[in-house]
Amino acid sequence: MSAAIAENLTQVREKIRAACERSGRNYEDVTLIAVSKTKPIEDLQIAYAAGARDFGENKVQEILAKAPAMPTDTRFHMIGHLQRNKVRQVIKPAVLIHSVDSLRLAEQIEQEAARENLIVDILLEVNVAGEESKFGLAPEDVLELVYAVSKFPHVRIRGLMTIAPYVDDPEDNREIFKKLYRLSVDINSKNIDNVTMRVLSMGMTGDYEVAIEEGATMIRVGTGIFGAR
Ligand SMILES: *Cc1c(COP(=O)(O)O)cnc(C)c1O
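Bear in mind that the values here come from a model prediction, so they are computed numbers and not experimental data.

(A) Inspection of the overall build of the protein chain at higher detail. In terms of helices and strands, the protein chain carries 9 helices and 8 strands. Scaling as 2.2 N^0.38, a compact globule of 229 residues should have a C-alpha radius of gyration of about 17 Å, and the protein chain matches this with 17 Å. If one aligns the C-alpha atoms of the protein chain with their principal axes, the spans along those axes are about 45 × 40 × 30 Å. Here the protein chain, with 229 residues, has 48% of them falling under the buried criterion. Of the contacts formed within the protein chain by residues at least 6 apart in sequence, a portion of 58% connects residues at least 24 apart. For the protein chain, the exposed area adds up to about 11,000 Å²; of that, 48% sits on carbon and sulfur atoms. Once the 29 positive and 34 negative side-chain charges of the protein chain are each reduced to a mean point, those two points are 4 Å apart.

(B) Representation of the pattern of salt bridges in the model. A complete count under the given rule lists 17 salt bridges for this structure. Linking Arg158 and Asp121 is a salt bridge whose minimum nitrogen-to-oxygen distance equals 3.1 Å. One end of the pair, Arg158, is in strand β6 (residues 155-161); the other, Asp121, is in strand β5 (residues 120-125), with 37 residues separating them in the sequence. Accessibility expressed as a relative area gives 23% for Asp121, which makes it partly exposed. With a shortest N-O distance of 2.8 Å, Arg174 and Glu171 are connected by a salt bridge. Arg174 gets classed as buried once you look at its relative accessible area, which sits at 18%. In the salt-bridge network here, residues are joined through shared partners; they are Arg22, Glu171, Arg174, Lys178, Glu213 and Glu214.

(C) Here's a closer look at helix α5 (residues 103-116). With 14 residues, α5 extends 20 Å from end C-alpha to end C-alpha; this agrees with the ideal 20 Å at 1.5 Å per step. Of all the residues in α5, the buried ones are Leu105, Ala106, Gln108, Ile109, Glu110, Glu112 and Ala113. Where α5 terminates, the next one or two residues include Asn117, which has phi positive at roughly 55°.

(D) Expanded view of the nonpolar core. Within the largest apolar cluster, 64 residues are counted, with the highest numbers of intra-cluster contacts made by Phe55, Ile97, Ile109, Ile122, Leu124 and Leu160. The element that contributes the greatest number of residues to this core is helix α1 (residues 2-22), accounting for 6 residues. Excluding residues that lie within four positions of it along the chain, Leu124 makes contacts with His98, Val100, Leu137, Val142, Leu145, Val146, Ile157, Gly159, Leu160 and Met161. Leu96, Leu123, Val199 and Met218 belong to the second largest nonpolar core, which has 6 residues in total.

(E) Geometry of the environment of Ser150. Mapping Ser150 onto the fold places it in helix α6 (residues 142-150). Separated by 42 residues in the primary sequence, Ser150 and Ile192 have C-alpha atoms spaced 7.3 Å apart. If we ignore the near neighbours within four places in the chain, the residues touching Ser150 are Ile192, Asp193, Asn194 and Val195.

(F) Inspection of the pairing of β5 at higher detail. Among the 6 residues that make up β5, 5 are buried, leaving the element largely enclosed by the rest of the structure. As paired elements, strand β4 (residues 94-100) and β5 share 2 bridges and run parallel to each other. Across the sheet, the residue bridging to Ile97 is Ile122, located in β5. Each parallel crossover has a hand, and for β4 linked through α5 to β5 it is right-handed.

(G) Region of interest: the environment of Pro139. Relative to the elements of secondary structure, Pro139 occurs in the loop between β5 and α6. Residues Pro139 and Glu125, 14 residues apart in the sequence, show an inter-C-alpha distance of 9.5 Å. Those residues in contact with Pro139, other than ones at most four positions away along the chain, are Val126, Asn127, Val128 and Leu183.

What counts and how
- Residues numbered from 1 in each chain as written.
- Predicted model: local features only at pLDDT ≥ 70, side-chain atom pairs only at ≥ 80, totals over all residues.
- Heavy atoms only, no water.
- Helix = DSSP H or I, 4+ residues; strand = E, 2+ residues; numbered from the N terminus.
- Rg over C-alpha atoms; globule rule 2.2 N^0.38 Å.
- Buried < 20%, exposed > 50% of the residue type's maximum accessible area, 1.4 Å probe, protein only.
- Contact = heavy atoms within 4.5 Å.
- Areas by Shrake-Rupley, 256 points an atom, 1.4 Å probe, with all protein chains shown as cover.
- Lys, Arg positive; Asp, Glu negative; His and termini not counted.
- Charge placed at Lys NZ, Arg CZ, Asp CG, Glu CD.
- Salt bridge = Lys/Arg side-chain N within 4 Å of Asp/Glu carboxyl O.
- Expected span 1.5 Å × (residues − 1).
- Core = buried A, V, L, I, M, F, W, Y, C linked by side-chain atoms within 4.5 Å.
- Pairing = 2+ DSSP bridges.
- Right-handed = clockwise from strand over helix to strand, strands pointing away.

Written out as structure tokens, the structure is:
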């Protein structure tokens with residue numbers, strides 16, 4: 001099992017490298033987030049030993065349980081839907097919250113961050129495909145939220161995130177990734193104070209190579225590293 005995780009990481013990195021070469025991008029500009037949700041701490045430690053530093057979790061409880069058991073340079077990303085009553089617990093242990101999709105949630109983060117005298121980095125989650133079952137903002141609602149959150153002194157928008165539909169052929173998601181990229185370019189062109197669009201969190205095990213070709217700067221890979229959940 002441990003050999004598998006290290007080997008999987010090597011393979012994923014090779015594919016990232018190849019996708020970067022195909023699209024004229026730098027390997028260093030793509031951060032691999034090892035999505036370790038539901039996996040035991042031993043698996044994270046194996047991945048850490050194989051060089052992984054960024055880990056993705058979708059539950060606050062899991063971040064709180066795992067973070068103390070990992071070396072201090074481990075970075076935990078909150079990638080799952082976040083409830084307002086969990087914000088207080090997650091703003092310190094998480095390096096980036098990928099899943100902000102409402103003003104109410106952003107306000108809660110501002111309030112808790114102010115209380116702790118912290119600046120919290122966030123991404124806005126966009127439901128590009130318009131899937132009803134998914135969280136995330138409709139693309140046409142993103143700009144309004146960007147403007148509102150840009151006025152919050154303790155919250156900093158770093159970019160956008162999307163969860164693309166599950167598809168058999170990753171090419172089917174290329175248009176989704178293109179749309180998120182274009183939206184980020186559009187927002188960036190407005191030069192809004194306190195807002196940058198350097199992070200595009202898109203692409204999972206089934207489609208991260210296509211996502212990289214379309215500009216992903218963070219990819220979130222679970223199954224491809226740790227095996228089935
Ligand atoms: C589970 C999850 C992933 C990883 O999915 P895999 O298909 O296992 O790579 C990525 N992003 C989010 C938001 C997830 O919840």
